[in-house]
Structure formats: C-alpha cells, structure tokens
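# Remarks on the overall topology
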Amino acid sequence: MRSPQSRCRKATRVTAKGTLYLTLTLALLLLATALENLRPLALTVPLALMAGFSSLFHPKASLKVEREVEKNRAVAGDWVRVKLLISSSEPVLVEVRDRVHRGWVERGSNESLLWLQGSEELSYEVHLQRRGVCELGPARLVLSDPLRLWEEEWVCGEPVEVYVLPKLLAARGLGLGASYTGVWPGEVLSRRSGKGYEFYGVREYAPGDELRRVNWRASARHGKLMVNERVEERVTDALIVVDAGLLGLLSAQEAEELVDAEASLAASLALHLLRSGNRVGLVLRGRESLWLRPAFGKRQLEAILYALARLEPGEPAPLDYALNMLTPYLLKPNAEFIAITPLLDAYVAESIFQLAPNYSVLVVSPNPFPQRERTAHRILEIERSNLIVKLGKVCRVIDWSPGSPLPRAARRAGRPARFSRTLGGARS
Amino acid sequence: MKRVIPSALVTVSWLALSAALSYNAPAPVTLASILSTIPLFAGATMGLRPLLALAFTAQLPALVLASLESSPVRAATAMLTALYLTELADLLARAAKMPDRGYVKEAAKRITAVAALSLAVTIGATIASESLAPTLDPRIAAALLLALAFLATHWAKRERER
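Residues numbered from 1 in each chain as written. Chains lettered and ligands numbered in written order. Predicted model: local features only at pLDDT ≥ 70, side-chain atom pairs only at ≥ 80, totals over all residues.

### Here we look at the overall build of chain B
As a reminder of what qualifies: By definition, any uninterrupted DSSP run of H or I lasting at least four residues is a helix, any uninterrupted run of E lasting at least two residues is a strand, and each is numbered from the N terminus. As a rule, residues whose C-beta atom has 12 or fewer other C-beta atoms within 10 Å are exposed, those with 20 or more are buried, and those in between are partly exposed; C-beta atoms are placed from the backbone. Once C-beta atoms have been placed from the backbone, residue pairs whose C-beta atoms lie within 7 Å are recorded as contacts.
Tallying secondary structure elements over chain B gives seven helices and one strand in all. For chain B, the sequential pattern of α-helices and β-strands runs α-α-α-α-α-β-α-α. In chain B, which comprises 162 residues, the proportion classed as buried is 38%. When contacts within chain B are restricted to residue pairs at least 6 apart in sequence, those whose partners lie at least 24 apart make up 65%.

### Thoughts on the overall build of chain A
Each helix and strand counted, chain A has nine helices and 19 strands in total. Across chain A, the fraction of contacts at a sequence separation of at least 24, relative to all contacts at a separation of at least 6, is 74%.

### Focus: the interface of chain A and chain B
Stated precisely, the cut-off is as follows: Residues are grouped as follows: Ala, Val, Leu, Ile, Met, Phe, Trp, Tyr, Cys and Pro are nonpolar; Asp, Glu, Lys and Arg are charged; all remaining types, including Gly, are polar.
Tallying the contact residues gives 40 residues for chain A and 48 residues for chain B. When residues of the side of chain A that touches chain B are traced back to their parent elements, those giving at least two are α1 (16-35), α2 (44-56) and β7 (111-116) of chain A. Per-element tally for the side of chain A that touches chain B: the top contributor is α2(A), with 11 residues. Counted by class, the side of chain A that touches chain B contains 25 nonpolar, 11 polar and four charged residues.

### Description of the packing of helix α6 (residues 319-330) of chain A against helix α7 (residues 346-355) of chain A
Residue and element names in this part refer to chain A. Condition: Here, axes are lines fitted to C-alpha atoms. For helices the fit covers the stretch in contact, and angles between N-to-C directions go from 0 to 180 degrees. An angle counts as roughly parallel when it lies under 35 degrees, as roughly antiparallel when it exceeds 145, as roughly perpendicular when it falls between 65 and 115, and as oblique in every other case.
Interaxial distance between α6 and α7 falls to 8 Å at its minimum, and their mutual angle equals 20°. On the basis of the axis angle, α6 is roughly parallel to α7. When α6 is examined against α7, the residues L319, D320, L323, N324 and T327 are found in contact with a partner set consisting of Y347, V348, E350, S351 and L355. Tallied by class, the residues present in the contact of α6 with α7 amount to five nonpolar, three polar and two charged.

### Brief notes about the domain arrangement of chain A
To keep things clear, this is the line we draw: An automatic or database domain assignment supplies the residue ranges for each domain.
What the domain assignment lists for chain A is domain 1 (9-25 + 56-165), domain 2 (191-233) and domain 3 (237-413). Computed from C-alpha atoms alone, the centre-to-centre distance between domain 1 of chain A and domain 2 of chain A is 72 Å.

### Quick word on the sheet that holds strand β4 (residues 79-88) of chain A
All names here are of chain A. Our working definition: When DSSP finds two or more bridges between two strands, those strands count as paired.
As summarised here, the arrangement of the four strands in space is β2-β4-β8-β6, forming an open sheet in which the pairing is antiparallel. Sheet topology places β2 (63-69) and β6 (104-108) at the edges, where each strand pairs with a single neighbour. On average, each strand axis in the sheet is inclined to that of its neighbour by 30°, with strand direction left out of account. Both β2 and β4 contribute to a ladder of seven bridges, which runs antiparallel. Within β4, the residue paired with R67 across the bridge is L84.

### What about the packing of helix α4 (residues 49-69) of chain B against helix α5 (residues 72-96) of chain B?
Residues and elements named next belong to chain B. Axis separation between α4 and α5 bottoms out at 10 Å; the angle between their running directions is 175°. On the basis of their axis angle, the class for α4 and α5 is roughly antiparallel. Residues R49, L52, F56, Q59, L63, A66 and S67 of α4 pack against R74, A75, A78, M79, A82, T86, A89, D90 and A93 of α5. Partitioned by chemical class, the residues of the contact of α4 with α5 number 10 nonpolar, three polar and three charged.

### Concerning α6(A)
Residues and elements named next belong to chain A. Short version of the rule: Throughout, the arc means the angular range of directions from the helix axis out to the C-beta atoms.
Within α6, the full set of buried residues consists of L319, L323 and T327. One face of α6 carries all of its buried residues, which in axial projection span an arc of 50°. Structural note: α6 exposes Y321, M325 and Y329 on the side pointing more than 90 degrees away from its buried face.

### Examining the sheet that holds strand β19 (residues 396-400) of chain A
All names here are of chain A. An order of β16-β15-β14-β17-β18-β19 is seen for the six strands of this open sheet, with the pairing classed as mixed. With partners counted over all chains shown, the strands left at the sheet margins are β16 (290-295) and β19, one partner each. The mean inter-strand angle of the sheet, taken between neighbouring strand axes irrespective of direction, is 15°. Contacts between helix α5 (residues 297-310) and the sheet are confined to β15 (279-285) and β16, with β16 contributing the most and set at about 165° to the helix.

### A few points about the confidence of the model for chain B
What counts here: Confidence scores per residue from the predictor, reported as pLDDT, run from 0 to 100.
In this model, chain B carries a mean pLDDT of 86, and residues with pLDDT of at least 70 account for 83%. In the predicted complex, the global pTM is 0.74; the interface-specific ipTM is 0.86.

### A look at the nonpolar core
For clarity, the cut-off: The term nonpolar core means buried Ala, Val, Leu, Ile, Met, Phe, Trp, Tyr and Cys residues held together as one set by C-beta atoms within 7 Å.
V162(A), I240(A), A266(A), I338(A), V363(A) and L63(B) are the most contacted members of the largest nonpolar core, which totals 145 residues. With 15 residues, the single largest contributor to this core is α5(B). Among the domains, domain 1 (9-25 + 56-165) and domain 3 (237-413) of chain A are the pair contributing at least three residues each to this core. Apart from residues no more than four positions distant in its own chain, V363(A) is found in contact with A339(A), T341(A), I352(A), L391(A), C395(A), R396(A), V397(A) and I398(A).

### With respect to the confidence of the model for chain A
Residues and elements named next belong to chain A. In this model, chain A carries a mean pLDDT of 84, and residues with pLDDT of at least 70 account for 90%. When pLDDT is averaged over each helix and strand of chain A, the minimum, 74, is found for strand β12 (residues 185-204) and the maximum, 93, for α5. Segment residues 418-428: pLDDT under 50, and 32 contacts once partners within four positions in sequence are set aside and those in other chains are kept.

### Looking at the environment of G277(A)
Along the chain, G277(A) turns up in the loop between α4 (252-275) and β15. Note: C-alpha distance between G277(A) and F296(A) (19 residues apart in sequence) is 6.8 Å.

### Considering the environment of L83(B)
Within the secondary structure layout, L83(B) lies in helix α5. Excluding its chain neighbours within four sequence positions, the residues that come into contact with L83(B) are P46(A), L47(A) and M50(A).

### Remarks on unusual backbone geometry
Geometrically, the link from G137(A) to P138(A) is a cis peptide bond, its omega value of 0° lying close to zero. Here P138(A) lies in strand β9 (residues 132-144). Phi angles above zero are rare outside glycine, and E36(A) is one such case at about 50°. Given 10 C-beta atoms within 10 Å, E36(A) falls into the exposed group. Notably, N24(B) is not glycine yet its phi reads approximately 65°, a positive angle. Relative to the elements of secondary structure, N24(B) occurs in the loop between α1 (4-21) and α2 (27-35). A residue is classified by how many C-beta atoms lie within 10 Å of it, and N24(B), with 7 of them, is exposed.

### Here's the deal with the environment of L30(A)
All names here are of chain A. Tracing the chain through its elements places L30 in helix α1. Accessibility expressed as a C-beta count within 10 Å gives 13 for L30, which makes it partly exposed. Through-space distance from the C-alpha of L30 to that of P40 is 9.5 Å; in sequence the pair is 10 residues apart.

What follows is the structure, encoded as structure tokens:
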C-alpha cells in the first residue's frame with residue numbers, strides 16, 4: 001500500500017550550534033573590549049571563517065519521498081513492514097527520520113544518516129504491540145551545511161494510519177438469557193417449540209415427524225406414538241457497552257492495559273455473537289464516545305473492531321446518561337445487554353440496575369486492582385465488590401481478572417435465569 | 001557505544017591540544033583543559049551532544065589565555081584545531097544514535113575541507129592584522145567585527161531563503 005503523493009514542506013532555521021557560534025563570537029568581542037586588548041579577537045577569526053566556509057557547502061537539492069506500508073490493518077502483536085524510497089536531484093548529505101507513533105521499530109531503523117546520491121531505500125519493521133491506531137509518517141529530512149549551523153528541514157508525505165485491532169480471547173461459556181428473539185435460527189432459546197437441543201415437551205406424533213424424535217416410553221404409556229419437542233433456538237439483538245472512563249485512579253499504563261482487556265473482550269463477544277447470526281450494537285465511553293446500531297454481518301464486525309481500535313481511556317460525557325438515553329433507542333426490550341465495565345463509577349452501576357428489569361443484562365467487570373497492596377486501592381476494591389453484590393441481585397455479574405481465562409470466571413458467576421447454549425460453545 | 005576508535009583518536013588529539021595550551025598555564029585552567037577530554041569522549045561515543053559543548057567551554061579559558069599570552073597566529077590555530085576536533089566529535093555523536101550510510105565519511109571530508117580552508121585564511125589574516133593591531137582602538141575593532149558578523153549572518157540567511 002503506497003501513501004498518496006504530496007508536496008514536501010520546507011523550513012530553514014539556525015541550529016543551536018549556530019547560535020552558540022554567534023554567542024561565542026560576541027562574547028570574545030566583548031572580552032576584547034573589556035580588556036582593551038585586541039588579542040582575544042584572534043580567536044574570532046577561525047569562528048567566522050569556519051562558519052563562512054561551511055555556508056559554501058550549502059546543499060541545494062530537491063527531495064522526494066515515497067512510503068510503502070505492507071498493510072493498513074493488523075492485530076495487536078503483528079509486525080508491519082515499511083519501505084521509504086528517498087530520492088534527490090543532486091548528491092546530498094541528509095538525515096532521515098520517519099515518525100512512528102504507537103509502535104516499536106525492532107527490525108531495521110526508521111532513521112538514518114544518508115549520503116544520498118540518486119535514491120536510497122530505507123526499510124524497517126514495526127512491532128504493533130498494542131491495540132490502537134499506529135501512525136507512520138511524515139518523514140523528516142534534514143539537509144545542512146557540514147558544520148550544521150543552518151539546517152533545512154523537509155517534511156514529506158502524509159501519515160499512513162495502521163489500525164491495530166484488539167486480540168481475540170476465548171469468550172465461550174457466557175450464557176445469553178435474552179427473551180427477545182428474532183425470526184432467524186440462532187443460539188438463543190425462544191418460547192416456541194421447534195428445532196433445537198433443549199427439551200421443550202411431548203406431543204402426539206404427526207405425519208412428517210422424524211422417527212428418531214419418537215419418545216418410546218411415553219408412547220408405551222399413552223398407547224399411541226408420542227414425539228419429543230425441542231425449544232427453538234433463534235437469534236437475538238445484543239448491545240455491548242464498553243466503559244473506558246473514570247480510570248484516573250490508575251496510572252496511564254494500567255488504564256491502557258485495562259482498556260486493552262476490555263476491547264479484546266468486546267471484540268471476542270461481538271465476533272461470537274455475529275457468527276451466531278445475532279445483531280450486535282456497540283456503545284463506547286472513552287476519550288471519544290461512539291455508538292453503533294445493532295446490525296448483522298462482517299461489515300458490522302469490521303465497524304466494531306475499528307471502533308474498538310480507536311478506544312482510548314478518558315471521559316468526555318457520563319456513561320449513565322448515555323445508557324439511559326441510548327439503550328431504549330438502540331435495543332428492543334428483553335434483548336441482551338452486555339456491559340463491560342470495571343465498576344468504578346456508582347452511577348454506571350445505578351444505570352445498569354435500572355435497565356435490568358427491561359433487558360437480559362450481563363455485566364463483565366475486569367478487575368482493575370488485582371493484587372493491590374495500597375490501602376486506597378483496597379478501599380476501592382471493597383466499594384467495587386459492594387457494587388458487584390448489589391448488581392448480582394438483578395443480573396449476572398462476572399468478576400474477571402484480565403489475563404485469566406474468562407470461561408472460568410463465567411462458571412463462577414453461574415448460569416443466566418433462562419439458560420441457552422453458550423456463546424459459540426457446546427456445538428462448536 | 002559506537003565508533004570507539006575514531007572517538008579515541010579525536011580524544012587523543014584533544015588531549016594533545018590541551019597539553020599544548022595548558023603548558024605554563026595556571027593550575028585551574030590546566031585542570032579544566034585536561035578534564036575536558038572526559039565529556040568530549042563520552043559525548044562522542046554515547047551521542048550526548050551537550051557534553052561536547054561542555055568540553056569546548058572547559059577548553060575556552062586555556063584558549064583565551066593562549067590568545068593573551070602568545071602570538072595571534074598560534075592562538076587562532078589552536079582555536080581552529082579545537083573547533084575542528086569538536087566538529088568531528090559532534091559528527092561522531094550524531095552517528096552514534098543513527099545508522100550511517102556513507103554520511104559520516106563524506107561529512108568528515110567536508111569538515112576537513114572547511115577547516116583546511118579556514119586554516120589557510122586564518123594564518124594569512126592574523127599575520128596581516130598583526131601589523132595593524134598596535135594602531136587600532138580595540139573598541140573600534142570590536143564594533144567593526146560585530147557589524148561584519150551581523151552582515152555575514154544576514155547575507156547567509158538571505159542566501160538560504162533564496
């Protein structure tokens with residue numbers, strides 16, 4: 001993938017060293033004046049001459065930069081190869097630095113000192129360790145005189161964005177308890193009999209019924225053929241809410257790690273739900289708030305993954321307000337409401353508490369204080385535990401330590417009231 | 001640490017210059033001059049350019065003293081040598097943090113050319129000015145040089161912008 005061609009911006013300036021040369025010259029002149037002695041002036045001669053002769057080597061060249069990035073979408077932990085083709089109209093000494101934002105250059109180098117005769121290629125690989133948007137470019141090229149008293153900085157090329165999507169986790173074992181179902185076959189138990197796996201009841205045999213469904217014991221008891229009925233499994237709507245706000249209690253790195261875990265979980269849930277044919281929507285609360293209406297398919301999955309890649313900790317607007325206003329608008333009653341929140345905000349817990357009677361609510365709470373020793377964190381952990389207990393009375397709450405397997409935490413939380421097949425579970 | 005041998009050569013030359021400058025100089029000046037080799041070497045090998053400015057500043061008292069006590073040609077040559085060595089060390093310092101593809105060699109050639117040209121003109125200019133020196137008022141000379149430096153800077157800036 002080549003970056004679009006764009007003109008280079010050029011700026012000329014005196015360097016710090018150039019200023020030091022000038023300052024030194026002035027200082028020596030002042031010294032000579034103060035001492036009323038011309039002898040220190042001899043020291044200014046080489047300074048002036050070096051600066052003057054250095055200016056004679058002033059480079060006059062026209063530079064061009066083309067950037068080629070291997071891919072513009074990756075998963076956290078991937079590598080992306082970048083090639084930079086730099087060409088000059090004349091031989092010139094140039095210092096090249098290609099900007100890499102949110103990525104580690106581990107193979108090759110994004111900067112180099114070049115004796116550029118014609119064109120040169122600079123290639124490197126970026127390790128995209130974390131979810132987010134990695135920006136590559138623009139390239140900064142510095143031309144200067146030999147002593148580098150002046151420099152001419154060229155900024156070339158538009159930045160290329162590489163979306164680093166969240167890693168996917170094993171999100172099996174989370175039951176869906178939604179009682180709202182759509183018309184398409186899925187994995188959520190409906191109130192109707194039909195094709196499925198869960199036992200619904202026994203009825204009299206009708207022509208066309210499969211023989212393998214005949215319940216021979218019941219038939220013997222009733223004296224006529226009886227068949228087993230199953231609960232029909234259908235799709236549902238789900239809204240995933242990711243709370244990346246109010247993380248000021250954590251350090252920047254801890255907050256980012258927590259949000260990474262939340263994004264990974266949301267992406268995994270969205271993938272499983274969409275694969276099962278459900279409609280999935282998304283509400284994000286972070287530095288930028290965003291919401292997506294529930295929809296089917298790959299395009300929706302892509303939209304969700306891109307939105308999660310952009311998620312950063314922060315709090316522009318309170319989530320409880322968004323939840324109260326948006327949820328009835330986005331989600332049908334009795335559909336699945338999945339909140340991924342560290343439960344650091346009592347107002348968010350209160351909003352979920354109010355939504356619980358109208359929806360099948362599942363709260364997955366990544367623990368932001370695993371093995372904390374500080375008293376403040378212990379107090380916060382106790383407050384969080386209280387919120388979990390309070391919410392546990394109206395919905396299922398999974399207390400999850402990021403890094404540990406989610407299915408184990410889900411088993412501890414128990415099954416939903418109306419249990420259906422696990423997400424992507426038993427049958428896959 | 002990169003390019004230890006070139007850095008060591010520059011440091012040894014710097015040490016020799018320090019020894020030459022601080023001969024018969026007062027102890028503090030000698031000490032500062034000799035000790036300036038440490039930041040010079042550290043700056044060149046580890047890419048810490050501010051250390052080079054520190055090394056040059058430590059060498060400055062010895063240079064000023066040399067200009068007051070010895071001939072202008074000798075002082076100017078010493079200054080030129082100090083500048084040349086600092087520039088080479090600066091080049092090595094820049095190359096310590098970045099991969100080099102022929103830049104250092106070419107830049108070193110150009111710095112050497114600039115220093116050689118400067119040396120030739122310095123010797124000529126200082127010898128020529130020695131005859132004028134006793135008759136010139138230092139304040140007038142300083143004002144003239146100041147104006148000259150300002151004009152040169154202005155001219156160079158206009159050239160760049162063009």
